[in-house]
Each structure stands twice: as C-alpha cells, then as structure tokens.
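# What the coordinates show
The primary structure of each chain is shown beneath.
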Amino acid sequence: YRQLLLVAAFLKPILEMSMSSSLFFFSPQMKENTNQLYAQTFFFLLLAGLLAFPILYFFKGGLVLLFKNDNFYNYYFLCATYTSLTVVSVMLEYILILEKRVRAVFFYLIVSDILRVVLMLSAVYVFRTFVSIYIAQIVFQLVIVLALFIYLIRKYSIFNIHQWDGGILLKQIKYAFPLGFGGISKTIGKSANGFILNAYLTASSYAVFSIGAFKIPLIKEFYASIARTTRPKFALYWKEGKVKEAIELWHKQIAIFFCATLPIVLFFFIMAHEIITFLYTDEYVDSVNIFRILIFGILLQATSWGTIPKAFNATGYV
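If you're wondering where the values come from, they're calculated on a predicted model, not measured in any experiment.

Definitions and cut-offs
Residues numbered from 1 in each chain as written. Predicted model: local features only at pLDDT ≥ 70, side-chain atom pairs only at ≥ 80, totals over all residues. Heavy atoms only, no water. Phe/Tyr/Trp six-rings, centres within 6.5 Å; stacked < 30°, edge-to-face > 60°. Helix = DSSP H or I, 4+ residues; strand = E, 2+ residues; numbered from the N terminus. Buried < 20%, exposed > 50% of the residue type's maximum accessible area, 1.4 Å probe, protein only. 1 Å grid on protein atoms, 1.4 Å probe; cavity = no way out; pocket = protein on both sides within 12 Å on 5 of 7 lines; lining within 4 Å. Points joined across faces, edges and corners; volume = space filled by probe spheres on them. Nonpolar A, V, L, I, M, F, W, Y, C, P; charged D, E, K, R; others polar. Salt bridge = Lys/Arg side-chain N within 4 Å of Asp/Glu carboxyl O. Contact = heavy atoms within 4.5 Å. Polar contact = N/O pair within 3.5 Å; in protein donor to acceptor, adjacent residues only side chain to side chain. Arc of directions from axis to C-beta. pLDDT = per-residue confidence, 0-100. Core = buried A, V, L, I, M, F, W, Y, C linked by side-chain atoms within 4.5 Å.

### As for the packing of aromatic side chains
With the rule as written, the count across this model stands at 27 aromatic pairs. Arranged with centres 4.8 Å apart and planes meeting at 85°, the rings of Tyr38 and Tyr156 form a pair that is edge-to-face. One end of the pair, Tyr38, is in helix H3 (residues 34-50); the other, Tyr156, is in helix H7 (residues 130-156), with 118 residues separating them in the sequence. Taking the relative accessible area as the measure of exposure, Tyr38 reaches 2% and is therefore buried. Given the relative accessible area of 8%, Tyr156 is considered buried.

### A word on the layout of surface pockets
The computed volume of the second largest pocket comes to approximately 340 Å³. As for the second largest pocket, its lining consists of 16 residues, and the residues nearest its centre are Tyr1, Arg2, Gln3, Ala203 and Ala207. Among the elements of the structure, helix H1 (2-16), helix H5 (72-98) and helix H9 (203-212) are those that each provide at least two residues to the lining of the second largest pocket. Ranked by the residues each element gives to the lining of the second largest pocket, the list is headed by H9, at five residues. Per-class residue counts for the lining of the second largest pocket are 12 nonpolar, three polar and one charged.

### Things to note about the pattern of salt bridges
Scanning the entire structure with this criterion turns up five salt bridges. Here Arg101 makes a salt bridge to Glu99, at a shortest N to O gap of 3.5 Å. On the basis of relative accessibility, which here comes to 35%, the residue Arg101 falls in the partly exposed class. Taking relative accessible area as the criterion, Glu99 reaches 18% and is therefore assigned buried. Between Lys155 and Glu99 there is a salt bridge, with its nearest N and O atoms 3.3 Å apart. A residue pair is termed long-range when its members are at least 10 positions apart, and Lys155 in helix H7 and Glu99 in the loop between H5 and helix H6 (102-127) qualify at 56 residues. Overall, the relative accessible area of 44% leaves Lys155 in the partly exposed class. Each of the salt bridges in this network shares a partner with another, and the network as a whole consists of Glu99, Arg101 and Lys155.

### What about helix H12 (residues 272-280)?
Taken residue by residue, H12 has Ala272, Ile275, Ile276 and Thr277 as its buried positions. On its buried face, H12 sits against H9, helix H11 (243-270) and helix H13 (287-294). Directly after H12, the chain includes Thr281, whose backbone phi takes a positive value near 75°.

### Describing the side chain of Gln137
Relative to the helices and strands, Gln137 is located in helix H7. On the basis of relative accessibility, which here comes to 8%, the residue Gln137 falls in the buried class. Here Tyr1 takes part through its side chain, which lies 2.9 Å from a polar atom of the side chain of Gln137.

### Examining H13
Within H13, burial applies to Ser287, Val288 and Phe291. For H13, the angular spread of buried residues about the axis comes to 105°, placing them on one side. On its buried face, H13 is in contact with H9, H11 and H12.

### Quick look at the confidence of the model for the protein chain
In this model, the protein chain carries a mean pLDDT of 87, and residues with pLDDT of at least 70 account for 99%. When pLDDT is averaged over each element of the protein chain, H7 comes out on top at 94 and helix H15 (residues 307-311) at the bottom at 78.

### Concerning the nonpolar core
Grouped together as the largest cluster of nonpolar side chains are 62 residues, with contacts concentrated most on Tyr38, Leu56, Leu63, Met91, Ile95, Leu148 and Leu152. Those residues in contact with Tyr38, other than ones at most four positions away along the chain, are Leu23, Ser27, Met91, Ile95, Leu98, Leu152 and Tyr156. By size, the runner-up hydrophobic cluster in this structure holds 18 residues, among which are Val265, Ile275, Ile295 and Ala302.

Shown next, in the form of structure tokens:
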C-alpha cells in the first residue's frame, strides 16, 4: 500500500507542473478572464493526469524489480488511476480559496476527510485487503473530480468560452513550468530515499521507515492554508510594486509558522515513542528514532523559502 502511494506521490507533481498552484498568482490579476483561466487549467490537468497510464505501463517492469513484487503487474492500472485523479482533484480546494469562501473551504475539508475515512474503513471492514483500501482512495478522488467538473461547468461555463486568448495560456505555462521543474527536483529529492530503500531493503523494512516518516497531523494543512491565503496578496503587491510590504508580510508569515511549529516539534520529539507505539503498536518501535530525525525537517519548511519567487513571477529561481 505504501509502495503504491510512493509511486503516485512521485508522479503527481511531475504531471501537474504547478499549473494549479499558478492560479494563486494569476486569478487576482485576471478576474475578467477567470473562466478561461480555470478551464485551461482543468483541461491541462486532465490531459496530464492521463499520461500516468502509459508511463506506468512502460515502467511497470522496472517497478516490479524495484519493489521485488510481481504483483505490481496487477496493480499498475489502479496506481495510474489514482495518480491521474489526484493530479486534478486538488484544484477544487484552490478555487474555493480564491473565491474567498472561507466557510465553504472549512466545510469541504471536514466533509472530504470524513468521506475518505468512511470509504477506507468500509473497505477494511467488508473486504479486509489493502487493495480494497486503495480502491476506496480512488473512489474518493473520483468523487472530488466529478464535483470539480460539475462546479466548473455550472459556475464558470468552461465549455462555452467564445474568445479564447492564447496569450493567457502562454503566460500561465511560462510561470508554472519553471516552478514545475523546481517541483520535480524537489520530488526526486523527497522520493529518492523511498526508492533507494525499496531497492535495497525488504518491504517490511520499508514499512518501518515509512512509519518513521509519519507526518504530524494538520501541520502541512496549516502551512498550506496560510500560504494559499497570502499568495494572492503577494501577487498584488508585486503588481503594484510594493516590495517593502511584501517582505513585511513574508516575515510575518515566517513568524507565525515558527511560533506554531516549534512547540509542536518539541512535543512530538519527546513523545515519539508513545505516539508511534500507540498508533502502530510495538511492532514498529524501530520507527521512533527515524521519526525523531525527520521531524526537524518541518522547521526548514517554516522558513517559507519559495514564497517571494512565486509571488514576484520569478519562478526560475525556484
């Protein structure tokens, strides 16, 4: 199960190429072209997601050797389906944030998490196989994509754009692709340890490591929610030439991240043994020190290092 998620997490940012993230830069500046902006982003993500099928079909033999598991031949289609849907589904949350519908975002996050948990627990209870849990994840992502598709048709008429401006698409690609290539290098760096461990260790040893790489709940969402809220403001500062104001806002964002993160990191570092063994039983006690080491990486994320290049249309630096 972790191996299938590893493949999907590796391919997603490569296929997405930061096109969905670019909405935070362009949407505040191109309000009169919002319909086209959302339409071209959705169709790009849809087509990009479909590339997961030929990619995984071509490389499935290599993944079988890497994972030392012939069963991946039977799972590659499921893995490609999950990957393609995750590439598209994230756009719904971004749109709600850009529309400044705070209650809708809160409702969406709560309901979507509840739906995902219900689907996964139902799969466990009825079928008791890891494949059924993975299929439940696919069903969840499919529901999100269908909701996004219906929302875009009803509110933004994505099939009824009469004056399509090719220049807008070109600008978005010019902004997003350097950011996307930066994301690819970041993804390779983050995923390299997983692939190396799979190549040299058994599946059970990789499970110990992946448990040690356990993410603290809500931290990632906390960072992302603040960053997605401030990025449109940064983009407006760039447009208006207000560099000083942008730097002040960036510093405030870093201060908030550190004030919230440092106590949490210290708490989880001290309580690591109790937390890991409670969640995963004593069988994964070897994951405790791995967790303690990796947890300090969160403090690096708190510096919010990519904020200014993304906001100031300098994604080449990223």
